[in-house]
Amino acid sequence: MKCINKKILFDYLNNELSARKQKQIAAHLLECEHCRKQLAEWEKVLNITQQFVDRDVKIHPAPPHAHITQRFENIPQKTERYFWVRYWAKPALATAAVLFASLIIFFLSPKSVPSIDRNYYVIDNIAYTEAIDLNDVYLDDLENIYLQEIYANEELTDDILYGDWQYYEEVLDNLDQDELEELTKKMYDNSVT
Amino acid sequence: MDSIRLNQLIEENYQKIFLLALKMLKNYEDAEDATQEIFLKVYENINSFRQEAKFTTWIYRIALNHIYYMNNKKSKEFNQFPEAHEVRTEMNANPSSVLQEKELFESLEKVIDSLSPRQKEVFVMRYYDQLPFKKIAQILKKKLGTVKSNYFFAMQKIKINLQDQNLIEFRE
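Residues numbered from 1 in each chain as written. Chains lettered and ligands numbered in written order. Predicted model: local features only at pLDDT ≥ 70, side-chain atom pairs only at ≥ 80, totals over all residues. Heavy atoms only, no water.

**Q** What am I meant to see in the overall build of chain A here?
**A** Counting secondary structure elements, chain A contains eight helices and three strands. Out of the 193 residues in chain A, the part that is buried amounts to 36%. Here the analysis covers contacts within chain A between residues at least 6 apart in sequence; of these, 55% occur between residues at least 24 apart. As presented, chain A carries roughly 12,800 Å² of accessible surface, and 57% of it is formed by carbon and sulfur atoms. (Helix = DSSP H or I, 4+ residues; strand = E, 2+ residues; numbered from the N terminus. Buried < 20%, exposed > 50% of the residue type's maximum accessible area, 1.4 Å probe, protein only. Contact = heavy atoms within 4.5 Å. Areas by Shrake-Rupley, 256 points an atom, 1.4 Å probe, with all protein chains shown as cover.)

**Q** I would appreciate a short explanation of the overall build of chain B in the present structure.
**A** Secondary structure assignment for chain B yields seven helices and zero strands. From first element to last, N terminus to C terminus, chain B shows the α and β order α-α-α-α-α-α-α. When burial is assessed residue by residue, chain B has 53% of its 172 residues classed as buried. When contacts within chain B are restricted to residue pairs at least 6 apart in sequence, long-range pairs at least 24 apart make up 66% of them.

**Q** For this particular structure, what's the right way to read helix α2 (residues 28-45) of chain B?
**A** Within an α-helix, residues lying three or four positions from one another point in the same direction, as the helix has 3.6 residues per turn. Residue and element names in this part refer to chain B. End to end, α2 covers 26 Å across 18 residues, agreeing with the expected 26 Å (1.5 Å per residue, within 8%). Burial in α2 covers these residues: Ala-31, Ala-34, Thr-35, Ile-38, Phe-39, Val-42, Tyr-43 and Glu-44. Of the residues flanking the start of α2, the one acting as N-cap is Asn-27, its side-chain oxygen 2.9 Å from the backbone nitrogen of Glu-29. (Expected span 1.5 Å × (residues − 1). Polar contact = N/O pair within 3.5 Å; in protein donor to acceptor, adjacent residues only side chain to side chain.)

**Q** Mind showing me how you'd approach the packing of helix α1 (residues 6-13) of chain A against helix α7 (residues 144-164) of chain B here?
**A** Geometrically, a packed helix pair is captured by the angle between its two axes and the distance between the axes. Here α1(A) crosses α7(B) at 100 degrees, and the two axes come no closer than 11 Å. Taken together, the axes of α1(A) and α7(B) are roughly perpendicular relative to one another. Contact residues: α1(A) offers Lys6(A), Lys7(A) and Phe10(A), while α7(B) offers Ser149(B), Tyr151(B), Phe152(B), Met155(B) and Gln156(B). Looking at the contact of α1(A) with α7(B), its residues break down into four nonpolar, two polar and two charged. (Axes fitted to C-alpha atoms, helices over the stretch in contact; angles between N-to-C directions. Parallel < 35°, antiparallel > 145°, perpendicular 65-115°, else oblique. Nonpolar A, V, L, I, M, F, W, Y, C, P; charged D, E, K, R; others polar.)

**Q** I'm lost on unusual backbone geometry in this one. Help?
**A** If you check the backbone angles, Asn15(A) has positive phi at about 55 degrees while not being a glycine. Relative to the elements of secondary structure, Asn15(A) occurs in the loop between α1 and α2 (19-31). Within the chain, Lys26(B) stands out as a residue other than glycine whose phi angle is a positive 60 degrees. Locating Lys26(B) in the fold gives a position in the loop between α1 (3-25) and α2.

**Q** Which parts of the structure should I look at to understand the environment of His28(A)?
**A** Locating His28(A) in the fold gives a position in helix α2. Distance from His28(A) to Cys3(A), taken between C-alpha atoms, is 8.3 Å for residues 25 residues apart in sequence.

**Q** Before we go on, may I ask you to explain the packing of helix α3 (residues 33-59) of chain A against helix α4 (residues 101-113) of chain B in this structure?
**A** For the pair α3(A) and α4(B), the least separation of the axes is 10 Å and the interaxial angle reads 90 degrees. Relative to α4(B), the element α3(A) is oriented roughly perpendicular. In this structure, α3(A) contributes Ile48(A), Thr49(A), Gln51(A), Phe52(A) and Arg55(A) to the contact, and α4(B) contributes Glu101(B), Leu104(B), Phe105(B), Leu108(B), Glu109(B) and Ile112(B). Residue composition of the contact of α3(A) with α4(B), by class: six nonpolar, two polar and three charged.

**Q** I would appreciate a short explanation of the state of the cysteines in the present structure.
**A** All names here are of chain A. Considering all chains together, one arrives at zero disulfides over all chains under this definition. Left unpaired, Cys-3 is separated from the closest cysteine sulfur, that of Cys-32, by 3.7 Å. When its relative accessible area of 28% is taken as the criterion, Cys-3 is described as partly exposed. (Disulfide = S-S within 2.5 Å.)

**Q** For this particular structure, what's the right way to read the confidence of the model for chain B?
**A** Do not read the fine detail of predicted coordinates wherever pLDDT is low. Residue and element names in this part refer to chain B. The share of residues in chain B with pLDDT of 70 or more is 78%, and the mean pLDDT across the chain is 79. Ranking the elements of chain B by mean pLDDT puts helix α3 (residues 55-78) last, at 83, and helix α5 (residues 117-128) first, at 91. For residues 79-98, every residue scores under 50 in pLDDT, and the model assigns this stretch 33 contacts once sequence neighbours within four places are set aside. (pLDDT = per-residue confidence, 0-100.)

**Q** Even after reading the chapter, I still don't get the environment of Ala63(B), so can you show me in this structure?
**A** Mapped onto the elements, Ala63(B) comes out in helix α3. Once residues within four sequence positions are removed from consideration, Ala63(B) is found in contact with Ile17(B) and Ile38(B).

**Q** Please clarify how the packing of aromatic side chains should be interpreted in this entry.
**A** Think of a pair of aromatic rings as described by two things: how far the centres are apart, and how the planes are tilted against each other in angle. All chains considered together, the criterion is met by 13 aromatic pairs over all chains. Centre to centre, the rings of Phe10(A) and Trp42(A) are 4.6 Å apart; their planes meet at 55 degrees, and the pair counts as tilted. Taken together, the positions of Phe10(A) in helix α1 and Trp42(A) in helix α3 put the pair 32 residues apart, joining distant regions of the chain. Ring centres of Trp42(A) and Phe152(B) lie 5.9 Å apart, and the angle between their planes is 45 degrees; this geometry places the pair in the tilted category. Here Phe152(B) lies in helix α7 and Trp42(A) lies in helix α3, a pairing that spans two chains. The same class applies to Trp42(A) as to Phe152(B), namely buried. (Phe/Tyr/Trp six-rings, centres within 6.5 Å; stacked < 30°, edge-to-face > 60°.)

**Q** Can you help me understand the pattern of salt bridges in this one?
**A** When charged atoms on two side chains of opposite charge get close, those side chains can pair. Following the criterion strictly, the structure yields eight salt bridges over all chains and no others. A salt bridge links Glu41(A) to Lys159(B); the nearest nitrogen and oxygen atoms lie 3.1 Å apart. Here Glu41(A) is found in helix α3, whereas its partner Lys159(B) is found in helix α7 on a different chain. Accessibility assignment for this pair places Glu41(A) and Lys159(B) in one class, buried. Where Lys23(B) meets Glu109(B), a salt bridge forms, and the shortest distance between an N and an O atom there is 3.3 Å. Highlighted residues: Lys23(B) in helix α1 and Glu109(B) in helix α4, separated in sequence by 86 residues. Under the relative-accessibility criterion, Lys23(B) is labelled buried at 5%. Among the charged side chains, a salt-bridge network with shared partners connects Glu16(A), Arg126(B) and Lys148(B). (Salt bridge = Lys/Arg side-chain N within 4 Å of Asp/Glu carboxyl O.)

Laid out in structure tokens, this is it:
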């Protein structure tokens, strides 16, 4: 049986998987010496890190701050803006800006606007179904580490699907584990690998 | 919000925000100043905040903005932005033995300092402040999977560092 992806094993240890996945992995661990060793290593690392953090918190107590608001008493609190400013000013300005920008684009740009060729990957590694935009600066860590790791490791290539991100973008954030699994299955069925 | 409730909310979050500032700024005095300034901002702007349930999210956003502002200021002044850098401390003379706790913790301190700002903020919120991933994702306005990945890579860096230096013994 194929060994468990280390990211999933890590999630298993942190109890971040669905009950069904936790059970599947527990069953695999009974049979696989290698994965048990990996798990024991992670347990050790997490325990030591926890000990370090506990000690660090103990030796760095927060500076005195009792009744801190009394110290701020002479500083005026900012008054709340008018209701319409709070709720409508930004949308109104944004709409005006969009209209203005659209007009500028309409008059100045060539008739056909070239579409941006975005390079997305959908990573499905059981624990996550996540789309990675390779142009996204937030994901430089993933680009540098995870993708390299995937390219270097044939076992993980199954985890990558080039998927229909437009559809998943809206739904990925609010899924519970079962829905995510359902979606993943659907994605495998329809994917272009 | 009345001042008693405000004091209570500040009390609940002061230590957490202080630890976040301390880990991100790597300096006790800077962290102390930053925490005070963050809570001053909270106090000044409390009238524009209404949903009490999301107080933690709001306060963490103010805190992270302020911390990154301070980091940028510091880097301009001293040209030493705490970029992620490789940490390689000296190898132990006897690599198979379990090192003294002090040495182990010193090494951990260094590797945590060397995490990228993105990894570190997630690591601190998760480990020090014990926030759930969902909350961290809300604070950082990122996807849950991205936050979990950041955390995983931070822990992986710690693991690799401990492994490379034989600081803890792994079974063969």
